[in-house]
Amino acid sequence: MRLAVRNHVSLWAVLGGVGLGLLLIAAACGGGDADEDTAGNGATGPRAQIAMISNLQFDRAELVVPSGQDVTISADNQDGSVPHNFSIYASADSYASGDFPIASTEICSAPCVRDITVNLEPGSYYFICEVHPFMMGNVTAAA
Ligand SMILES: [Cu+2]
């Protein structure tokens with residue numbers, strides 16, 4: 001099960017790299033409508049923030065996002081030079097059973113910021129750093 005998750009993280013890291021390349025292209029060609037786009041990915045709409053801070057922890061255990069629309073979550077790794085990622089799963093059980101995440105950033109070493117965009121039905125979800133599975137919390141999607 002852990003192997004499956006690790007492979008998946010690698011896949012996402014690859015996809016993230018491809019995505020980053022596309023985003024850089026998009027940024028180079030983009031217009032001036034990205035005032036709120038701190039990561040340069042062209043996304044608009046609601047945003048949420050979470051940070052990885054010193055002593056291997058997130059800056060919050062609860063993240064609330066609007067449901068039923070695209071939300072861009074910025075994961076801001078501020079933890080020295082420590083690698084982290086940010087993944088959302090349907091539940092803790094879903095993570096534990098080796099399911100794929102709903103969304104996942106690549107693993108990057110601080111300082112780095114990585115965005116994911118999710119569109120969640122109302123409800124509770126689980127977030128975790130897959131490098132340090134003790135770093136976790138809940139995402140609540142609410143209308
Ligand atoms: Cu971590």
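The present account deals with the structure reproduced in this document. Because the structure is predicted, anything quoted here is derived from the model rather than measured.

So, unusual backbone geometry
Both trends apply: most residues other than glycine have a negative phi, and most peptide bonds are in trans. The linkage connecting Ala110 with the following residue, Pro111, adopts the cis geometry, with an omega of 0°. Position of Pro111 among the secondary structure elements: in the loop between strand 8 (108-109) and strand 9 (112-118). One non-glycine residue, Leu56, adopts positive backbone phi at about 55°. Tracing the backbone shows Leu56 in the loop between strand 1 (47-53) and strand 2 (57-58).

Some remarks on the sheet that holds strand 4 (residues 71-77)
The sheet built from four strands is open, its strands ordered 2-1-4-9 with mixed pairing. Pairing within the sheet leaves two strands with one partner each, and these edge strands are strand 2 and strand 9.

Here we look at the pairing of strand 10 (residues 123-128)
Sheet analysis places strand 6 (residues 87-89) next to strand 10, joined by three bridges and oriented antiparallel. By the bridge assignment for strand 10, Ser87 is matched with Ile128. Direction of pairing for strand 10 relative to strand 11 (residues 136-142): antiparallel, over a ladder of six bridges. Its bridge partner lying in strand 11, Gly123 is registered against Ala141.

So, the sheet that holds strand 11
An order of 3-11-10-6-7 is seen for the five strands of this open sheet, with the pairing classed as mixed. Every other strand in the sheet has two partners, leaving strand 3 (62-66) and strand 7 (103-104) as the edge strands with one partner each.

So, the environment of Asp79
On the secondary structure map, Asp79 appears in the loop between strand 4 and strand 5 (83-84). Separated by 24 residues in the primary sequence, Asp79 and Asn55 have C-alpha atoms spaced 7.4 Å apart. With near-sequence residues (within four places) excluded, Asp79 lies in contact with Met52, Ile53, Ser54, Leu56, His84 and Ala110.

Observations concerning the nonpolar core
Judged by nonpolar contacts, the single largest core of 20 residues is most densely connected at Val65, Tyr89, Tyr125, Tyr126, Phe127, Ile128 and Val139. Elements with a minimum of two residues in this core: strand 3, strand 4, strand 6, strand 10 and strand 11. By residue number, the principal contributor to this core is strand 10, which donates four residues. Beyond its immediate chain neighbours, meaning those up to four positions away, Val139 contacts Leu63, Val65, Ile88, Tyr125 and Phe127.

Definitions and limits used
Residues numbered from 1 in each chain as written. Predicted model: local features only at pLDDT ≥ 70, side-chain atom pairs only at ≥ 80, totals over all residues. Helix = DSSP H or I, 4+ residues; strand = E, 2+ residues; numbered from the N terminus. Pairing = 2+ DSSP bridges. Contact = placed C-beta atoms within 7 Å. Core = buried A, V, L, I, M, F, W, Y, C linked by C-beta atoms within 7 Å. Buried ≥ 20, exposed ≤ 12 C-beta atoms within 10 Å, placed from the backbone.

By themselves, these observations are geometric and do not establish any function.
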